[in-house]
Amino acid sequence: MEAQAASPSEGGASPRALPHLLGIEPLGIAEIQALLDTAAAFHRHAPEKLLAGCRILLLFYEASTRTRTSFEVAARRLGAETVSITAASSSIEKGESLLDTVYTLRAMAIDGIVMRHADSGAPALVARHVDVPVVNAGDGMHEHPTQALLDAFTILRHKGRIAGLKVAIIGDILHSRVARSNLWLLSRFGADVRLCGPPSLLPRAFASFAPGVSVTYRLEEALEGADVVMVLRIQMERMREAFFPSEAEYVQLYSVTADRLRQARPDAIVMHPGPMIRGVEIGAEVADSPQSVIREQVENGVLIRMAVLARLVGGRIAWP
Ligand code: NCD
């Protein structure tokens, strides 16, 4: 599966060793492609003992169902042992207390850290203070690199390419780390990325983030002829004030219903990182339609996380 880079020279050098996975933004095309290829290889055959004897720490300071479970399953499928720690984000501040936790845990012979935190940059901070790989499993509004990788993997399985595809990302773009990571990845591989949401949740400046990215406040415009429709949840937990008048108005203007989906290509796929709120950002009939690949995203998440752990913790495995 080739993601077909828009410009093969851009970031196209052979992949160097990845010390950490903190975001998509710093990655070159070759590094992303190599992770996607590794996940595809693991789909055919997973090396069950690759991480035998390794211990992976899952450090989750923010709620998570699928991401934590997915990393846990991925680590175990490669033969690693996992230690899971969850904490309420509100009680722990970025800075000393976070590092204190990490220093304590370091004494437990950890081979890698998978970390989610409500503060943007927290995994990068930890990465500067430990000598094991750190994987960002979502940091505040910043990045969620494994989600973008599994989304790209899912798109490739259905469309065979990313270059030239029209991808509509709809919803709360402002607070979404999923949107940011996807924006970096999809634009790097030459997609036409259309961001859509209410103006309060989508600053126009997003259009200047990367080539091929545009902003629209009209759902019909975003959906017109789209190959991929990616719907995002409204991140209430990151809002300290009201960003839109009412849920009813949001639904009226931005909910992806079966009727509205008809504006996209008939073979368009529908994606959602979960958790999804049926009846708000997405109609139940769309979530369950044959065009929906939402469950597949979850399955592909395990393969991608296996590839990331193999690459970072296994370190020395051969590139496919
Ligand atoms: C996303 C996240 O946590 O950023 N969920 C996920 O990882 N599957 C999106 C969300 O919470 O809405």
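Provided above is the structure to which this section pertains.
> Could you give an account of the overall build of the protein, with specific residues and numbers?
Tallying secondary structure elements over the protein gives 11 helices and nine strands in all. Relative to the 2.2 N^0.38 estimate, which gives 20 Å for 320 residues, the radius of gyration of the protein is 19 Å and therefore close to what a compact globule would have. Taken along the three principal axes of its C-alpha coordinates, the protein extends 55 × 45 × 35 Å. Across the 320 residues in the protein, those meeting the buried criterion constitute 55%. Once local pairs closer than 6 in sequence are excluded, the contacts in the protein between residues at least 24 apart make up 74%.

> Give a description of the sheet that holds strand β3 (residues 112-117) that names residues and reports values.
The parallel open sheet is built from four strands, whose spatial order is β2-β1-β3-β4. Strand pairing shows two members of the sheet lacking a second neighbour, β2 (81-86) and β4 (134-139), which therefore form its edges. Shown here is a sheet whose adjacent strand axes are inclined to one another by a mean of 15 degrees, direction ignored. Here β3 runs beside β4; their pairing, made up of four bridges, is parallel. Paired with Ile113 across the strands is Val134, a residue of β4. Helix α2 (residues 66-77) contacts β1 (55-60), β2, β3 and β4 of the sheet and is inclined by roughly 180 degrees relative to β1.

> Can you tell me about the site of the ligand, naming the residues and giving the values?
In the region of the ligand, the neighbouring residues are Arg66, Thr67, Arg116, His144, Gln147, Arg177, Val178, Arg233, Gln235, Pro273, Gly274 and Pro275. The side chain of Gln235 places a nitrogen or oxygen atom 2.8 Å from an oxygen atom of the ligand. Pro273 places a main-chain nitrogen or oxygen 3.0 Å from a nitrogen atom of the ligand. Within the complex, the protein chains bury 94% of what would otherwise be the 320 Å² of accessible surface of the ligand. Of all elements in the fold, only α2 and α6 (177-188) reach the threshold of two or more residues within the shell around the ligand. Among the residues forming the shell around the ligand, the class breakdown is three nonpolar, five polar and four charged. Two domains each put at least three residues into the shell around the ligand: domain 1 (9-143 + 300-313) and domain 2 (145-297).

> I'd like a rundown of the environment of Ala75, residues and numbers included.
In this fold, Ala75 is placed in helix α2. When the C-alpha positions of Ala75 and Glu48 are compared, they lie 9.7 Å apart, and in sequence the two are 27 residues distant. Setting aside residues no more than four positions away along its own chain, Ala75 makes contact with Ile56, Ala80, Thr82 and Leu309.

Cut-offs used in this document
- Residues numbered from 1 in each chain as written.
- Predicted model: local features only at pLDDT ≥ 70, side-chain atom pairs only at ≥ 80, totals over all residues.
- Heavy atoms only, no water.
- Helix = DSSP H or I, 4+ residues; strand = E, 2+ residues; numbered from the N terminus.
- Rg over C-alpha atoms; globule rule 2.2 N^0.38 Å.
- Buried < 20%, exposed > 50% of the residue type's maximum accessible area, 1.4 Å probe, protein only.
- Contact = heavy atoms within 4.5 Å.
- Pairing = 2+ DSSP bridges.
- Axes fitted to C-alpha atoms, helices over the stretch in contact; angles between N-to-C directions.
- Near = heavy atom within 4 Å.
- Polar contact = N/O pair within 3.5 Å; in protein donor to acceptor, adjacent residues only side chain to side chain.
- Areas by Shrake-Rupley, 256 points an atom, 1.4 Å probe, with all protein chains shown as cover.
- Nonpolar A, V, L, I, M, F, W, Y, C, P; charged D, E, K, R; others polar.
- Domains from an automatic or database assignment.

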